[in-house]
Amino acid sequence: MIFRQFFEPVSCSYTYLIAARKGGEALLIDPVLDRVDRYIKLLDELDLKLVKVFDTHVHADHITGMGALRDRTKCITIMGEQSPVDVVSVRVGDGDTIDIEGLSLDAMYTPGHTIDSYCLRMADRVFTGDTLFIRGTGRTDFQGGSSRDAYDSLFNKLLTLPDETLVYPGHDYKGDTVSTIGEERAHNPRLQVGSADEYAAIMDNLNLPNPKMMDVAVPANVAIGRGQGVARHAAWALTADQVMDQCNAADVALVDLRDASEREAHGVIPGSVHAPYTGLDSLIRPGGMLREMVGTTGRRLIYYCAFGERSAMAVESSQECGLDNVCHLIGGIDAWRQAGGPIEQPGEGTA
Ligand SMILES: [Fe+2]
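Cut-offs used in this document
- Numbers given for residues are sequential positions, taken from 1 along each chain in its written order.
- A pLDDT threshold of at least 70 governs which residues receive local features in this predicted model, and a stricter bar of 80 or more applies before side-chain atom pairs are shown or counted, although totals over entire chains, interfaces and linings include all residues.
- Side-chain figures throughout are based on the complete set of non-hydrogen atoms in the structure, without hydrogens or water.
- Here a helix means four or more residues in a row that DSSP labels H or I, a strand means two or more in a row labelled E, and each is numbered from the N terminus.
- What the globule rule says is 2.2 Å times the number of residues to the power 0.38, and the radius of gyration is computed from C-alpha atoms.
- A simple rule labels every residue: compare its accessible area, found with a 1.4 Å probe on the protein chains alone, to the largest value its type can have, and call it buried under 20%, exposed over 50%, or partly exposed in between.
- Donor atoms are limited to N, O and S found within 2.8 Å of the metal ion, a distance that becomes 3.2 Å for Na, K and Ca. With water left out, some sites might look partial.
- Strands are treated as partners if at least two bridges between them are detected by DSSP.
- Residues count as neighbours in contact if any of their non-hydrogen atoms are within 4.5 Å of one another.
- For every element, the axis is a line fit to its C-alpha atoms; helices are fit only across the contacting stretch, and the angle between N-to-C directions ranges from 0 to 180 degrees.
- Here, a salt bridge means any side-chain nitrogen of Lys or Arg that lies within 4 Å of a carboxyl oxygen of Asp or Glu.
- Throughout, right-handed denotes a crossover for which the path from the first strand over the helix to the second runs clockwise when the strands point away from the viewer.
- In protein, a polar contact means a hydrogen-donor-capable atom and an acceptor-capable atom, both N or O and within 3.5 Å, with residues adjacent in sequence counting only if both atoms are side-chain atoms; elsewhere, any N or O pair within 3.5 Å suffices.
- For the purpose of counting charges, residues Lys and Arg are taken to be positive, whereas Asp and Glu are taken to be negative. His and the chain ends are not included.

Before going further, it helps to examine the overall build of the protein chain. Across its full length, the protein chain holds 13 helices and 19 strands. The C-alpha atoms of the protein chain give a radius of gyration of 21 Å, which matches the 20 Å a tight globule of 351 residues would have. Judged by the C-alpha coordinates and their principal axes, the protein chain covers about 65 × 45 × 35 Å. By the burial criterion, 55% of the 351 residues in the protein chain qualify as buried.

Let's shift gears to the coordination of the iron ion. Within the protein, the atoms that donate to the iron ion are His57 (NE2), His113 (NE2) and Asp130 (OD), at distances of 2.0 to 2.3 Å. Written as a sequence motif, the donor residues of the iron ion are H-x55-H-x16-D. Here His113, found in the loop between strand S8 (103-109) and strand S9 (118-122), pairs with Asp130, found in the loop between strand S10 (125-129) and strand S11 (132-133); they are 17 residues apart in sequence, far enough to count as distant. We classify His113 as buried; its relative accessible area is 8%.

Quick look at the sheet that holds strand S19 (residues 326-329) now. The strand order across the open sheet built from five strands is S15-S19-S18-S16-S17, with neighbouring strands paired in parallel fashion. Across the chains shown, the open sheet's two edge strands, defined by having one partner strand only, are strand S15 (237-238) and strand S17 (273-274). Relative to S17, strand S16 (residues 252-256) runs parallel, the two sharing two bridges. Of the residues in S17, the one forming a bridge with Val255 is Val273. Packed on one face of the sheet, helix H11 (residues 289-297) meets S16, S17 and strand S18 (300-304) and runs near 145° to S18. Against the sheet, helix H12 (residues 309-320) touches S18 and S19, its axis set at about 175° to S19.

Further remarks concern the pattern of salt bridges. Considering all chains together, one arrives at 17 salt bridges under this definition. Ionic pairing is found between Asp197 and Arg148, a salt bridge with its closest N-O pair at 2.6 Å. Highlighted residues: Asp197 in helix H5 (residues 196-203) and Arg148 in helix H3 (residues 147-156), separated in sequence by 49 residues. Owing to a relative accessible area of 44%, Arg148 belongs among the partly exposed residues under this scheme. Taken together, the shared-partner salt bridges connect Arg70, Asp71 and Glu309 into one network.

Okay, the pairing of strand S4 (residues 49-54) next. Burial analysis of S4 places five of its six residues in the buried class, which makes it a mostly covered element. Judged from the three bridges that link them, S4 and strand S5 (residues 76-80) form a sheet pairing that is parallel. When the bridges of S5 are listed, Phe54 appears paired with Ile78. For the segment spanning S4, helix H2 (residues 66-73) and S5, crossover handedness is right-handed.

This brings us to the environment of Asp256. Here Asp256 shows up in strand S16. Considered as a pair, Asp256 and Pro169 are 87 residues apart in the sequence and their alpha carbons are 35 Å apart. The contact partners of Asp256, leaving out residues within four places of it in the chain, are Arg263, Val268, Ser272, Val273, His274, Ala275, Pro276 and Tyr304. Of the polar contacts made by the side chain of Asp256, one reaches the side chain of Arg258; its length is 2.8 Å.

Considering the arrangement of structural elements, one finds Asp61 in the loop between S4 and H2. One buried charged residue, Asp61, forms no salt bridge at all, with the nearest opposite charge on Arg139 at 8.3 Å. For Asp61, the side chain forms a polar contact with the side chain of His171, separated by 3.1 Å. Residues contacting Asp61, with those up to four places away along its chain left out, are Ser11, His171, Tyr173, Pro211, Met213 and Ala217.

Okay, structure coming up:
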């Protein structure tokens, strides 16, 4: 496995790069905007393809690099389903998995620092975001934070992991890089409490100043969607109603870009073809399945995904490689559902 821990000194943030092998797919956790060039350089050096980026929560002390990485690499952006961000490609819930080639991470919903805080667990380690630090814990006084939720997330979720589990936090202000669950249970001063009341009494009396960047970072981090306001008016952007009018025509093929787990969880538009976004490049190149289908049948492709981010990127990728007769569903299957469009479980239909 390839594993790197990046440090950003202004906000003392850690970012993590994970990949199963050189030349394979990569995931970044909590990237910082100012360091995006550095990540891309290392990805190039290690011949890695960035396929997914995950933010553990909406950060208040730095601007996320997710939007810039998506725009430069066409990777998938992921956050928890409780996040107030305008658009991300995928939203995960407690217990969902995030897969890249050769690796799988489990999402743990751990509210408390913020209402949308998640930790990611993978084999021998856990990425704790701002829920658990080395000898500290994340503050709970803004963005829907709650000291009682934090107590529950710490004691009933994170501290139930095996003692030897490595702890990789979202920040460290003293220079420590890694700890273990057992070490934190025994030596983290915030965790030496006997009840949620006792924990709340500590956390509710910290009287910390707001982060310096908060007024800039939070609004920027909530509005990371891929310019859908502009893309909405593009000729290749269709509303759910427009797609409903057109999708039964013989010359149209609906293409679902989501992963199998998303299809299972949220259903599919009847009659659509499945072509996961991460494998799209090979499908739209000459000789690829979608390219051939368009070539032989002359059908127009309408891409859709969860919220319209991957489908907008798929239109651009298709146009770049000469596949022009493609559109996408604005707002994804989420907008389709809200418009009353039919949805079925995958495998029920004919396609
Ligand atoms: Fe935070």
